Amino acid sequence: LDGNLRERKLSGAGAVQIAGKQVQIEGLNISSGQASIKMDGGVGDTMNLNWQLQIPDLADLLVDASGGVQGEGKFGGTPDLPVIEGTITTSAIALGATSLESANGDFSLSMDAAHPSRLVVQASNLDLGGQLVNSFKIDVQGPINSHDIQVAVAHEKIGLDLSAQGGYIDEQ
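Residues numbered from 1 in each chain as written. Predicted model: local features only at pLDDT ≥ 70, side-chain atom pairs only at ≥ 80, totals over all residues. Heavy atoms only, no water.

A. Here's a closer look at the overall build of the chain. Each helix and strand counted, the chain has zero helices and twelve strands in total. For the chain, the succession of helices and strands along the chain, N to C, is β-β-β-β-β-β-β-β-β-β-β-β. Counting only C-alpha atoms and orienting by the principal axes, one finds that the chain spans roughly 55 × 45 × 25 Å. Taking the contacts inside the chain whose residues are at least 6 apart along the sequence as the reference set, 28% of them involve residues at least 24 apart. Total accessible area on the chain is roughly 10,500 Å²; 56% of this is exposed by carbon and sulfur atoms. Between the centroid of the 9 positive side chains of the chain and the centroid of its 21 negative side chains there is a distance of 5 Å. (Helix = DSSP H or I, 4+ residues; strand = E, 2+ residues; numbered from the N terminus. Contact = heavy atoms within 4.5 Å. Areas by Shrake-Rupley, 256 points an atom, 1.4 Å probe, with all protein chains shown as cover. Lys, Arg positive; Asp, Glu negative; His and termini not counted. Charge placed at Lys NZ, Arg CZ, Asp CG, Glu CD.)

B. Quick look at the pattern of salt bridges. The tally for this structure, following the rule as stated, stands at two salt bridges. Here Asp-2 and Lys-9 are joined by a salt bridge, their closest N and O atoms 2.6 Å apart. Note that Arg-118 and Asp-106 form a salt bridge whose closest N and O atoms lie 2.8 Å from each other. Taken together, the residues Arg-118 in strand 9 (residues 118–128) and Asp-106 in strand 8 (residues 98–110) connect sequence positions twelve residues apart. Judged by relative accessible area, which is 26%, Asp-106 ranks as partly exposed. (Salt bridge = Lys/Arg side-chain N within 4 Å of Asp/Glu carboxyl O. Buried < 20%, exposed > 50% of the residue type's maximum accessible area, 1.4 Å probe, protein only.)

C. Fine view of the sheet that holds strand 3 (residues 22–32). The strand order across the open sheet formed by twelve strands is 1-2-3-4-5-6-7-8-9-10-11-12, and the pairing between neighbours is antiparallel. If you trace the sheet from one side to the other, it starts and ends with strand 1 (2–5) and strand 12 (159–166), each paired once. Averaged over all pairs of adjacent strands, the angle between strand axes in this sheet comes to 10°, irrespective of strand direction. (Pairing = 2+ DSSP bridges. Axes fitted to C-alpha atoms, helices over the stretch in contact; angles between N-to-C directions.)

D. Focus on the nonpolar core. Core analysis: the largest hydrophobic core is formed by twelve residues, namely Ala-35, Trp-51, Leu-53, Ile-55, Leu-58, Ala-65, Val-69, Ile-93, Leu-100, Ala-103, Phe-107 and Ala-123. Going through the elements one at a time, strand 5 (47–55), strand 6 (65–77) and strand 8 are the ones with two or more residues in this core. (Core = buried A, V, L, I, M, F, W, Y, C linked by side-chain atoms within 4.5 Å.)

E. Spotlight on the side chain of Ser-32. Structurally, the position occupied by Ser-32 is in strand 3. A relative accessible area of 4% places Ser-32 in the buried class. Not counting residues up to four positions away in its chain, the partners in contact with Ser-32 are Leu-5, Arg-8, Lys-9, Leu-10, Asp-60 and Leu-61.

F. Representation of the pairing of strand 7 (residues 82–95) in the model. Alignment of strand 6 against strand 7, held across twelve bridges, turns out to be antiparallel. Paired with Phe-75 across the bridge in strand 7 is Ile-84. The turn joining strand 6 and strand 7, which pair antiparallel and follow one another in sequence, is formed by four residues. Bridge count for strand 7 against strand 8 is twelve bridges, and the pairing is antiparallel. Bridged to Ile-88 within strand 8 is Gly-105. Taking the residues between adjacent antiparallel strands as the criterion, strand 7 and strand 8 are bridged by two residues, where Gly-96 takes a positive phi near 60°.

Pasting the structure below:
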């Protein structure tokens, strides 16, 4: 892959092999400007696909955006019950009148009731066009059919702490 995207160099390289239901990806690297996504691994009856995301400047991908995003993780499980795990970190994100000083997330998510899923996201100084949310945290723990949720939000005029329990049951 070689070309341009919004006047930035677009390139890609790697090997993809398909044999029946199995797809093997080796050294896949797609980039635009300084932004890149890398993948290695396989998808078939089971999944074992590692990914890495590096976006030092969102302007490489989005008009009028700035800030950085980094992440890494893995797709696992099976096609019927996939698991996605990873971490994401942002810094100095801005798009129009919205900005975010920093955020980070850690997750392991699956529709498999035997998998102890988790999602933890923390953010600080989210400016929504003049409305400043000083901090935000969501923490979800437990399998898809029985999980605990904690939410905490701090704004200059209000604070919110919320706890809930829930679950998803597929009624097929």
